[in-house]
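# Survey of secondary and tertiary structure
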Amino acid sequence: MKTWKKILQWFINPKLYFLIPIMVIAIGTTISGTIITTQAELNNYIVWGFTLLGIAGVTLSYSIYAIIRLYPKAKENILIWAENHPRINRIISEYGVTTLILTAASMIVTFAFAVYNGSIAIVIRSIWFGALAAYYIVLILLRGSILIYYSIRKKAVDNGQSETQTLIHDGKLYRACGIMLFLLPICLSFAILQMVRAGDSFEHKGITIYVYAIYAFFKIITAIYSLIKHRHNKIMMIMAIKYIKLADAFVSILALQTAMFREFAVETQGFDVILMNAITGAVICALTVAIGVYMIIRANLIIKRNSQI
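About the cut-offs
Residues numbered from 1 in each chain as written. Predicted model: local features only at pLDDT ≥ 70, side-chain atom pairs only at ≥ 80, totals over all residues. Heavy atoms only, no water. Salt bridge = Lys/Arg side-chain N within 4 Å of Asp/Glu carboxyl O. Helix = DSSP H or I, 4+ residues; strand = E, 2+ residues; numbered from the N terminus. Buried < 20%, exposed > 50% of the residue type's maximum accessible area, 1.4 Å probe, protein only. Disulfide = S-S within 2.5 Å. Patch = residues over 30% accessible without salt bridge, like charges linked within 9 Å, V, L, I, M, F, W, Y side chains within 5 Å. Areas by Shrake-Rupley, 256 points an atom, 1.4 Å probe, with all protein chains shown as cover.

## Topic: the pattern of salt bridges
If you walk through the whole model with that rule in mind, you get 3 salt bridges. The salt bridge partner of R143 is D248, with a shortest N-O separation of 3.5 Å. Of the two residues, R143 sits in helix 6 (residues 127-158) while D248 sits in helix 10 (residues 236-264), which places them 105 residues apart along the sequence. Assigned by exposure class, R143 and D248 land together as buried. A salt bridge links R153 to D170; its shortest N-O distance comes to 2.9 Å. Linking R153 in helix 6 with D170 in helix 7 (residues 163-180), this pair joins segments that are 17 residues apart in sequence. Look at D170 and you get buried, because its relative accessible area is 4%. Ionic contacts of the salt-bridge type, sharing partners, join the residues R143, K219 and D248 into one network.

## Brief notes about the state of the cysteines
For the coordinates displayed, the defined rule picks out 0 disulfides. Not part of a disulfide, C187 finds its nearest cysteine sulfur in C285, a span of 9.9 Å. Since its relative accessible area comes to 11%, C187 is described here as buried. The exposure class assigned to C285 is buried, which follows from its relative accessible area of 12%.

## Quick word on a nonpolar patch on the surface
A surface patch of nonpolar side chains, amounting to about 370 Å² of accessible area, comprises I127, L183, I186 and F190. Examining the composition of the nonpolar patch, we find that 3 residues originate from one element, helix 8 (residues 183-198), more than from any other. Look at I186 and you get partly exposed, because its relative accessible area is 44%.

On their own, these measurements won't tell you what the molecule is for.
As structure tokens, this is what we get:
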């Protein structure tokens, strides 16, 4: 009985060295189980496929539980370690700097997508890929303008710029980002039009669609959570980044929907795939415009309030 209690306590209070192999098993069984259950030539092993997916479900669930349990202690150890490294401690303690660093990393990925889609658009003369390339370029301009402004703003504050003037300039940047958000639906509308007319869509073959599904849901969940958590943040640059991230996450959901319809060839009576994609695209464009309008109105109020001081 004591042995079982010890084993139970071991699972309830996991250790990092135990979590790592569990996560390896979770990833391995997820990939192998998905391959077996989705490939027609492996139908003879379908039972093994579902068995592996069952193991994946259990190990993934336990991994999430273990991460939640280990996170507070891990965070405490990281903060203690960072105290002896001033530069790293500054990045961790200043949330704005952390956000800007993540934005810079995101720009690199976005740039890669822009080059990839732009290259294909030029080679095959595709409106679809051209529209996607334009969309990613607008994202780069949005995030890049914030990074450039951050550098200019920091120098101005260090040189004695008043808080009122800083807030006015912040409001102008916030308003400019809101205006630039209108460009995203314009780029996206060309892609949606091509989707309706020529049947083009996002495509992720085989197992990659499941990976992308996880990525898309991760983006939308983290974007909404981050926006709600920091909705009272008074640093307008940070909030601009949050809204841009949310608009980008909306498009990931559209990409997932169109890719799933294409991969699984949904053809049922009374179900119009093209119409569904068009409706989802229109809703996402409308939401993006709404975010832009909100940012412009809020920026104008802040600029007006501080100009009267």
